[in-house]
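# Architecture and fold: a report
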Amino acid sequence: MKIASSHTVLVTGVSGTLGWNLSRRLAGRCRVVGTFCSHKVAPSSVEAIGLDLRNIDRVADAIRSIKPHIIIHLAALTHPDVCEENPQVAFAINRDGTREIALAAETLGAKLVFASTDLVFDGSKGNYCEDDEAHPLSVYGKSKLEAERALLDICPDAFVFRTSLIYGFGSPVSGTFLTALLQRLGKGESMKVFTDQKRSPILVDDLARAIVLALEKDLTGRYHIAGSEVLTRYEFARLVCEAFGLDETLLVPIKMAEFDYVAKRPLDSSLDGTRFRHVSGFTPTPTVSALGRLAENYRNQKWK
Ligand SMILES: NC(=O)c1ccc[n+]([C@@H]2O[C@H](COP(=O)([O-])OP(=O)(O)OC[C@H]3O[C@@H](n4cnc5c(N)ncnc54)[C@H](OP(=O)(O)O)[C@@H]3O)[C@@H](O)[C@H]2O)c1
């Protein structure tokens with residue numbers, strides 16, 4: 001579906017990293033309404049409305065009053081440890097909230113796009129394609145997988161993308177692994193980084209561009225949208241240090257098993273994004289060039 005200037009696009013989670021960057025990309029092309037929960041922030045030209053997915057009874061009314069042609073559902077409880085410690089809240093927001101949004105999209109006849117995660121896989125294989133069986137290790141992964149299933153049951157023409165570690169600059173209130181590295185290492189503080197967790201990091205601007213491409217191609221069903229390389233957190237962090245001129249000796253290499261996490265994480269949840277690249281024409285930016293560009297923007301304070 002071509003995004004027309006007469007269209008209204010609803011982006012849930014506008015105060016989050018992807019929601020902020022995607023809604024900024026869409027603003028100017030059409031009317032964009034973004035939802036926040038506890039942080040009332042949105043890029044200029046984006047209408048911000050408060051919507052807490054725990055208030056399930058409010059969701060349908062709120063969406064009906066906006067009358068979106070497209071709903072891009074990104075809002076979620078995204079921290080795996082918080083989800084693990086609060087499973088009821090995680091399932092309420094991530095699964096039940098998503099189901100409610102799908103019901104509203106179905107009633108309105110709106111195109112629905114949903115963000116899922118590489119953490120639906122257990123990490124025993126790596127390089128996962130869309131046909132591989134999901135087997136989440138954590139409450140977060142389970143809640144997102146159940147959300148995918150509920151949503152596709154209600155809206156079989158929805159576009160569901162699973163993505164990996166998102167990097168770049170977020171909203172004024174959100175962060176990424178990259179911004180955490182900049183904050184810690186920039187202050188001369190050390191940071192423990194896994195040497196054995198493999199993912200397919202993706203630049204947030206690339207992901208926003210990919211979602212627009214998926215809409216334009218009217219894709220339906222599940223796709224993996226991943227960065228161009230499989231990297232451990234440690235390898236990624238070293239590239240960040242190189243690009244931003246940070247002291248690499250502040251990185252403390254550790255194995256995942258040595259870290260006292262609440263939620264289990266897969267060792268290798270890297271994604272095979274070939275299918276999406278073929279159907280959409282999407283090409284992810286190579287990590288070194290993406291980081292180089294981000295570092296230049298950072299120096300010029302252009303990310304705000
Ligand atoms: N970040 C990654 O590396 C990654 C990887 C794979 C998949 N994903 C998926 O991609 C999507 C976007 O991720 P992100 O990193 O951009 O997210 P994020 O920065 O953590 O932002 C989460 C968003 O969800 C909203 N939210 C939280 N609780 C809510 C509630 N109860 N009701 C309504 N909204 C609520 C937050 O609003 P407030 O801040 O206003 O409370 C915020 O806008 C998510 O669906 C995530 O599962 C992310």
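Provided above is the structure to which this section pertains.
Quantities reported herein were computed from a predicted structural model and do not represent experimental measurements.

### Brief notes about helix H2 (residues 56–66)
- Considered for burial, the residues of H2 that qualify are Val59, Ile63 and Ile66. Relative to the axis of H2, the buried residues are bounded by an arc of 60 degrees and lie together on one face. Away from the buried face of H2 by more than 90 degrees, exposed residues Asp57, Asp61, Arg64 and Ser65 are located.
- On its buried face, H2 is in contact with strand E1 (8–12), strand E2 (31–36) and helix H4 (87–108).

### Quick word on the pairing of E2
- Most of E2 is tucked away: five of the six residues are buried.
- Across five bridges, the pairing between E1 and E2 is parallel. Directly across from Thr12, in E2, lies its bridge partner Thr35.
- Once the chain exits E1 it traverses helix H1 (residues 17–26) before rejoining the sheet at E2, and the crossover so formed is right-handed.
- Relative to strand E3 (residues 46–50), E2 runs parallel, the two sharing five bridges. Paired with Phe36 across the bridge in E3 is Gly50.

### Some points on the sheet that holds strand E6 (residues 159–163)
- Reading across from one edge, E3-E2-E1-E4-E5-E6-E11 is the order of the seven strands in this open sheet, with parallel pairing throughout. Strands with a single pairing partner mark the edges of an open sheet, and in this sheet they are E3 and strand E11 (221–225). Shown here is a sheet whose adjacent strand axes are inclined to one another by a mean of 20 degrees, direction ignored.
- Contacts between H4 and the sheet are confined to E1, strand E4 (70–73) and strand E5 (111–117), with E4 contributing the most and set at about 170 degrees to the helix.

Rules used throughout
- Residues numbered from 1 in each chain as written.
- Predicted model: local features only at pLDDT ≥ 70, side-chain atom pairs only at ≥ 80, totals over all residues.
- Buried ≥ 20, exposed ≤ 12 C-beta atoms within 10 Å, placed from the backbone.
- Helix = DSSP H or I, 4+ residues; strand = E, 2+ residues; numbered from the N terminus.
- Arc of directions from axis to C-beta.
- Contact = placed C-beta atoms within 7 Å.
- Pairing = 2+ DSSP bridges.
- Right-handed = clockwise from strand over helix to strand, strands pointing away.
- Axes fitted to C-alpha atoms, helices over the stretch in contact; angles between N-to-C directions.

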